[in-house]
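Here is how the chains run, residue by residue.
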Amino acid sequence: MTLIECNALTKKYGNFTALSNLDLQIESGHIIGLLGPNGSGKTTLLKLITGLLQPSSGTISINGEPVGAASKSLISYLPDHTYLDRNMRVRDAMDFFEDFYQNFDSMRAYEMLAQLAINPNHKLKTLSKGTQEKVQLILVMSRRANLYILDEPIAGVDPAARDFILNTILSNYDENASILISTHLISDIENILDEVIFIQNGNLHTHASVDDLRQKEHKSIDTIFREVFKC
Amino acid sequence: MPWNLDSDRPIFIQIIERIQMDIISGLYKPGDKLPSVRELAQEASVNPNTMQKALSELERTGLVYSQRTSGRFITEDTAMINNLKSELAQELVTQFLENMQKLGIPQEEALSIISETIKGDEHHDTD
Amino acid sequence: MLRKLLKHEWKSVNKVLLPVNLCIILITIVGCTVLNTDIFDTEESWPIALFLLIFYVLSLMTFASITLIYIYVRFYKNLFTAEGYLMHTLPVTPIQLFHSKLIVGFSWSAFNCLLTLFSTAALGFSAIVTVAKEENIDHISRFFLDDPIVNNRNQTFSFSEMFGYPPATFLILILLLLLTGCLVSIIMGYLSILLGQLMEKHKLAASIGFFIVIYFFMQMVTSIAILLPNSNALVNAMDNDTSVYFMNIFYRNLFPASIISQIILSAAFYFASCLLVRRKVNLD
């Protein structure tokens, strides 16, 4: 079954059309890059899939189900900012995830925290911004979900942390799941992608396999992106 | 050794080349067991599907074979490995001569440059 | 799922509201203790007494305000700011989210209200016991037991006549009035926030605007509910000499009218909120 199916998906804000008649199918077992300039509709698409927005018209289905409580249990979402109560301790956040999500692998999560020398008893607000983001990433990736949606997971992060994050993404890979990564930092991430989606002005520009594109264009995805979205 | 992968060319082709080099150079001996797709993908920091594609292609050419539950192994056919070695060596030489031609250096001169470089290396070795 | 939401909601909210409301108990104890001393026996101590009284009343008002405002702020912050990205992607329905906030919010508001009432009663009782003279205490306790008492002008007073209901019923009605009042306050605060979210920009300002509008609307509805059915009776009572009967009718009508109108308003606001919450959030 197709993991995500969007049909004529449209989202308007008053006169402004953020997404226009988008038709898209995403299968499981892929790591997909969602690429496009600011304001292209990437974030809108992600919010529609995660249920944070409702479409103006068109449909989305996740594993055949419409967006709702059931689809939300299949999706593990990492937004591009902190979304946890900063007064919580790290272990409170762990308990929270464990409570609401079955298939939360807390052992694995605690392992990763230990690897990064993060003390679970510390309050989130005492951690640096980068560390808070890593905690969120660990929480999101420790769930056994069907779809992981990562919004700018490596932006504003030092190179060593970047490697840790990319490694975490790869080691969590499951052929029954897909990972959808929205990012600007294409050259850092393109080697782990096997598909890319280009979104421009609310429209689907390209959805292709990464190696096919490289073979055809003899260029990196980063270069192709710069050409397609030249200002 | 870190995997230096170029984003300009399909990754799976570069993976094939790298594994071929590792086999020829003796890093992987005939009959050796390869790490799992997942492990290799993590080591190379590439998508597991891409690694899978590369390994499938290597299987197709016979350089690698898989046993259902035990995993993937390097072929024990040393003749095939030597053939591959010769082919790759040939490609390197052809590439070298093409590059020399681009520089405007005729083939005989290219040949003497090679001889002198080798003698020079021998001198260094004996120093 | 709702149980889990409730569990985490209690955990977070208790951290703030438990200390605040514990303070009410604290100042009640302090107040009762102070009243039991004889510092008020002298004429000169009355300014201090007044000051302490004002301080006490302001404290109670502050604690009540903090409780209510915190409940509103938490609803907004937890569902419609950064934390909303977590709450709205949980495998729960929006109605469950709303119910968890409603149950915890109303419970705390009601608890705070009852605590305030209890504190006032405790201090009032202490005051009467220590300050009033012997014979007055006898009068006061008979009054509260609904026995008629006679004052020096040979006028008879009984609790039922003055307040329209016997003391026990009166107490229950006050409790119902306060509890339905808490309920309607909580729901209308939530509804204002939800209405504000409908706007594209300035959502918070819009929420405050909606709050003010709904508040005035509520006051209007409750006032009409109290006065209208009894306008005739009130006019007649005012023509009579005894103001006691006016009070009687006023109280007799005040309670059922207020309580019922608050219940109806609560229901209306609740259904409106449910509709809005399902409609979906457009988080920034």
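All right, on to the overall build of chain C then. Within chain C, the secondary structure is distributed over 10 helices and 2 strands. Buried residues in chain C amount to 26% of all 284 residues.

All names here are of chain B. Domain parsing of chain B yields domain 1 (11–76) and domain 2 (79–126). For domain 1 versus domain 2, the separation of C-alpha centres amounts to 28 Å. Contacts between the two partners involve 7 residues from domain 1 and, on the opposite side, 5 residues from domain 2.

It is common to give the size of an interface as the accessible area that goes away when the parts come together. Contacts between the two partners involve 18 residues from chain C, matched on the other side by 20 residues from chain A. At 3 residues, the largest contribution of residues to the side of chain C that touches chain A is made by helix H1 (residues 2–36) of chain C. Its residues assigned to classes, the side of chain C that touches chain A comprises 8 nonpolar, 6 polar and 4 charged.

This part covers the pairing of strand S3 (residues 31–35) of chain A. All names here are of chain A. Burial runs high along S3: 5 of the 5 residues are buried. Two elements, S3 and strand S8 (residues 178–182), share 4 bridges in a ladder whose sense is parallel. Residue pairing for S8: Leu-34 is matched across the bridge by Ser-182. Alignment of S3 against strand S9 (residues 195–200), held across 4 bridges, turns out to be parallel. Each residue of the ladder has a partner; that of Ile-32, found in S9, is Glu-195.

Let us look at the nonpolar core. Counting 119 residues, the largest nonpolar core has A:Ile32, A:Tyr148, A:Ile149, A:Leu180 and B:Met51 as the members making the most contacts within it. Here the element with the most residues in this core is helix H7 (residues 167–196) of chain C; it accounts for 11 residues. If we ignore the near neighbours within four places in the chain, the residues touching A:Leu180 are A:Ile26, A:Ile32, A:Leu34, A:Leu147, A:Tyr148 and A:Ile149.

Okay, the packing of H7(C) against helix H8 (residues 203–227) of chain C next. All names here are of chain C. Closest axis-to-axis distance for the H7/H8 pair is 7 Å, and the angle between their directions is 140 degrees. Overall, the two elements H7 and H8 adopt an arrangement that is oblique. The hand of the H7/H8 crossing is right-handed. Side by side, H7 and H8 meet where Val-184, Met-188, Gly-189, Leu-191, Ser-192, Ile-193, Leu-195 and Gly-196 of the first sit next to Lys-203, Leu-204, Ala-206, Ser-207, Phe-210, Phe-211, Ile-214 and Met-218 of the second.

Here we come to the interface of chain A and chain B. Taken together, the 21 residues of chain A in the interface contact 15 residues of chain B. Elements with a minimum of two residues in the side of chain A that touches chain B: helix H6 (159–171), helix H8 (210–217) and helix H9 (221–228) of chain A. Counting residues per element, the side of chain A that touches chain B draws most heavily on H6(A), which supplies 4 residues.

Residue and element names in this part refer to chain A. With 5 of its 6 residues buried, S9 lies for the most part within the structure. Sheet topology places S9 next to strand S10 (residues 203–209); 6 bridges connect them, and they run antiparallel. Residue pairing across strands places Ile-199 opposite Leu-204, the latter belonging to S10. Hairpin geometry of S9 and S10 is characterised by an intervening segment of 2 residues between the two adjacent antiparallel strands and by a positive phi of about 50 degrees at Asn-201.

With that settled, consider the domain arrangement of chain C. All names here are of chain C. What the domain assignment reports for chain C is domain 1 (1–131) and domain 2 (167–284). Elements that contribute at least two residues to the side of domain 1 that touches domain 2 include exactly helix H2 (46–80), helix H3 (84–87) and helix H4 (94–131). A per-element tally of the side of domain 1 that touches domain 2 places H4 first, with 11 residues. Within the side of domain 1 that touches domain 2, the residues separate by chemical class into 15 nonpolar, 4 polar and 1 charged.

To continue, consider the environment of C:Asn248. Structurally, the position occupied by C:Asn248 is in helix H10 (residues 243–279). For the pair C:Asn248 and C:Ser185, spaced 63 residues apart in the sequence, the C-alpha separation amounts to 27 Å.

Let's shift gears to the sheet that holds strand S2 (residues 16–26) of chain A. Strand pairing in a sheet relies on backbone hydrogen bonds. The paired strands run either parallel or antiparallel. Residue and element names in this part refer to chain A. Taken together, the 4 strands give an open sheet; going across it, the order is S2-S1-S4-S5, and neighbouring strands pair in antiparallel fashion. One side of each edge strand has no neighbouring strand; the edge strands of this open sheet are S2 and strand S5 (65–66). In this sheet, S2 lies alongside strand S1 (residues 4–13) in antiparallel orientation, the contact comprising 7 bridges. Bridge pairing in S2 links Tyr-13 to Phe-16. Here helix H1 (residues 42–50) sits on the sheet in contact with S1, S2 and strand S4 (57–62), set at roughly 115 degrees to S1.

About the cut-offs
Residues numbered from 1 in each chain as written. Chains lettered and ligands numbered in written order. Predicted model: local features only at pLDDT ≥ 70, side-chain atom pairs only at ≥ 80, totals over all residues. Helix = DSSP H or I, 4+ residues; strand = E, 2+ residues; numbered from the N terminus. Buried ≥ 20, exposed ≤ 12 C-beta atoms within 10 Å, placed from the backbone. Domains from an automatic or database assignment. Contact = placed C-beta atoms within 7 Å. Nonpolar A, V, L, I, M, F, W, Y, C, P; charged D, E, K, R; others polar. Pairing = 2+ DSSP bridges. Core = buried A, V, L, I, M, F, W, Y, C linked by C-beta atoms within 7 Å. Axes fitted to C-alpha atoms, helices over the stretch in contact; angles between N-to-C directions. Parallel < 35°, antiparallel > 145°, perpendicular 65-115°, else oblique. Left-handed = near helix turned anticlockwise from the far one by under 90°.

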